[in-house]
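# Analysis of the macromolecular model
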Amino acid sequence: MFTIIGLMLTGMLLGYLLRKRDLKKIHQIITLLIWLLLFILGIEVGSNEQIIKGLHTIGLEAVILTLGGTLGSVIAAWALWRALYNKKGGRG
Amino acid sequence: MKGSLIIVGFFVLGTICGVCHLLPFDITETNISYYALCALMFSVGLSVGNDPQTLKNFRSLNPRLVFLPIMTILGTLAGSAAVSLILTHRSITDCLAVGSGFGYYSLSSIFITEYKGAELGTIALLANISREILTLLAAPLLVRWFGNLAPISAGGATTMDTTLPIITRTAGQQFVVVSIFHGFVVDFSVPFLVTLFCSI
């Protein structure tokens, strides 16, 4: 699975070497590949009866994970905000 | 927003094709998705390396705000780890892998599907889309409750594109550079962290 990250780093190096060239097409290619991959993910989900039947629990788990992760990140941002701008504890 | 809708549209279209067995062959038995993922990551690398201008703009960044992406990553991982205590049937690494999407739903769901299967991949897709939507909707409240940096942290990997307008409107114009820098760093961490948590 580290092949994929290696490919990304190779791409970065190559992109940097070719920085004089305009690689505008690359963004279209990225969009097309994302469409293709999410279409395939959709097919996998659709043809898997277990996932389709459990879609509501999956959705609930996703929402809980979103709330937990986002809450953790904003609390960390609040701590940094207090440390940098708001040492006296008043509202910013 | 339009771009996001099209991406979700392709997912829904695929789901319908899957439910109705519209495709003549079983695409999940082929290696197409793996090769497409390889091509995708190579292209993402190309586009990052090809754009040194973005990196140059970061020189005007307030050096103390360099810590913001680190806070976002640590805070999100701590929150996701806490959630794994509630979702007892999910392992802590599964929760951390989903959290490591930081709102970058296309890439994280694709990676997690490849490593951990379509079920967790779908959770990653839904969880990270909702993170983007939550940021767009709650940005004004986040600023009021948690300070001006909060919508940037909540936006995760999306703060250099989709959530940038709402951040500048709610937190202020002076946070544009840090928002783009934050999105860039968090974006870049997604493939590494997701791969890490899927492999341990």
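The rules behind each value
- Residues numbered from 1 in each chain as written.
- Chains lettered and ligands numbered in written order.
- Predicted model: local features only at pLDDT ≥ 70, side-chain atom pairs only at ≥ 80, totals over all residues.
- Helix = DSSP H or I, 4+ residues; strand = E, 2+ residues; numbered from the N terminus.
- Rg over C-alpha atoms; globule rule 2.2 N^0.38 Å.
- Buried ≥ 20, exposed ≤ 12 C-beta atoms within 10 Å, placed from the backbone.
- Contact = placed C-beta atoms within 7 Å.
- Nonpolar A, V, L, I, M, F, W, Y, C, P; charged D, E, K, R; others polar.
- Domains from an automatic or database assignment.

### Some words on the overall build of chain B
A tally of helices and strands in chain B yields 10 helices and zero strands. Secondary structure elements of chain B, listed N to C terminal, follow the sequence α-α-α-α-α-α-α-α-α-α. Relative to the compact-globule value of 16 Å for 200 residues, chain B shows a C-alpha radius of gyration of 18 Å, a close match. Expressed along its principal axes, the backbone C-alpha trace of chain B runs to roughly 55 × 40 × 30 Å. Expressed as a percentage of its 200 residues, the buried residues of chain B come to 50%. Across chain B, contacts joining residues at least 24 apart in sequence account for 61% of those joining residues at least 6 apart.

### Some remarks on the interface of chain B and chain A
Contacts between chain B and chain A engage 79 residues on the former and 63 residues on the latter. Listed by contribution, the elements that provide at least two residues to the side of chain B that touches chain A are helix H1 (2–19), helix H2 (32–49), helix H4 (68–86), helix H5 (92–99), helix H6 (105–116), helix H7 (118–146), helix H8 (150–155) and helix H10 (176–199) of chain B. With 16 residues, H2(B) is the single largest residue contributor to the side of chain B that touches chain A. Considering only residue class, the side of chain B that touches chain A consists of 48 nonpolar, 28 polar and three charged.

### Quick look at unusual backbone geometry
All names here are of chain B. Despite not being glycine, His 21 has its phi angle at roughly 50°, a positive value. Mapped onto the fold, His 21 is located in the loop between H1 and H2. For His 21, a count of 11 C-beta atoms within 10 Å gives the class exposed. Although it is not a glycine, Phe 102 adopts a positive phi angle of roughly 45°. Taking the number of C-beta atoms within 10 Å as the measure of exposure, Phe 102 has 33 and is therefore buried.

### Points about the domain arrangement of chain B
Residues and elements named next belong to chain B. If you check the domain split of chain B, you get domain 1 (1–30) and domain 2 (31–43 + 62–199). Distance between the C-alpha centres of domain 1 and domain 2: 23 Å. Broken down by class, the residue content of the side of domain 1 that touches domain 2 amounts to four nonpolar, two polar and no charged.

### A short note on the domain arrangement of chain A
Structurally, chain A comprises domain 1 (1–48) and domain 2 (54–92). A straight line from the C-alpha centre of domain 1 of chain A to that of domain 2 of chain A covers 30 Å.

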